[in-house]
Amino acid sequence: MNEYIDLSELSLGSTMKIDLPDPDDILHFNLTIDPDEGFYKGGRFRFDFRINQNFPHEPPKVKCIQKIYHPNIDLEGNVCLNILREDWKPVLNLNAVIVGLQVCFFIYFHWLRAML
């Protein structure tokens with residue numbers, strides 16, 4: 001087991017929850033986000049997290065499970081966050097990724113409102 005992963009230490013807001021498809025495999029879990037404001041309010045979005053044995057030296061793989069129109073999620077569900085690619089550093093943790101996902105929903109809503 002990877003000593004850098006402790007799911008109990010994740011800072012989850014009231015609109016998020018974690019579930020383990022296989023309780024014996026903490027390197028694979030799902031995060032559900034239920035936005036409580038903005039364009040995506042009332043939606044439920046599940047993200048599949050896969051962590052390899054090189055974590056924290058390599059970022060987790062994160063995919064949105066269902067189809068969603070969002071500028072940071074491609075047609076295959078791949079999440080585009082700099083910290084999941086070129087800006088990943090071993091000092092980052094899963095909380096940083098979760099906050100990044102939250103910000104994607106929040107920032108996009110405020111960007112859309114500003115454009116109207």
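Structural notes, computed from the coordinates. (Residues numbered from 1 in each chain as written. Predicted model: local features only at pLDDT ≥ 70, side-chain atom pairs only at ≥ 80, totals over all residues. Heavy atoms only, no water.)

Describing the pattern of salt bridges
Applicable threshold: For this document, the term salt bridge refers to a Lys or Arg side-chain nitrogen within 4 Å of an Asp or Glu carboxyl oxygen. The helix count covers DSSP runs of H or I at least four residues long, the strand count covers runs of E at least two residues long, and both are numbered beginning at the N terminus. Exposure classes here rest on a 1.4 Å probe applied to the protein chains alone. A residue is buried below 20% of its type maximum, exposed above 50%, and partly exposed in between.
Throughout the structure, instances matching the rule amount to three salt bridges. A salt bridge links Arg46 to Asp19; the nearest nitrogen and oxygen atoms lie 3.7 Å apart. Of this pair, Arg46 sits in strand E3 (residues 45-50) while Asp19 sits in strand E1 (residues 16-19); the two residues are 27 residues apart in sequence, bridging distant segments of the chain. The exposure class of Arg46 is partly exposed, given its relative accessible area of 29%. Owing to a relative accessible area of 25%, Asp19 belongs among the partly exposed residues under this scheme. Asp34 is the partner of Arg44 in a salt bridge, and the nearest nitrogen-oxygen pair spans 2.7 Å. A residue pair is termed long-range when its members are at least 10 positions apart, and Arg44 in the loop between strand E2 (28-33) and E3 and Asp34 in the loop between E2 and E3 qualify at ten residues.

A few points about the sheet that holds strand E4 (residues 61-64)
Whenever strands of a sheet pair, they do so through backbone hydrogen bonds, lying parallel or antiparallel. We apply this condition: By definition, two strands form a pair when at least two bridges between them are found by DSSP. The axes are straight lines fitted to the C-alpha atoms, using for helices just the contacting stretch, and the angles between their N-to-C directions are given from 0 to 180°.
One open sheet holds the four strands; their spatial order is E1-E2-E3-E4, and the pairing between them is antiparallel. Strand pairing shows two members of the sheet lacking a second neighbour, E1 and E4, which therefore form its edges. Neighbour-to-neighbour, the strand axes of this sheet turn through a mean angle of 20°, independent of strand direction. Alignment of E1 against E2, held across four bridges, turns out to be antiparallel. Counterpart to Asp19 in the pairing with E2 is Asn30.

Quick notes on the pairing of E3
Of the strand pairs in this sheet, E2 and E3 are connected by six bridges, and their pairing is antiparallel. Counted as the bridge partner of His28 is Arg50 from E3. Here E3 pairs with E4 via four bridges, running antiparallel. From the neighbouring strand, Phe47 faces E4, where its bridge partner is Cys64.

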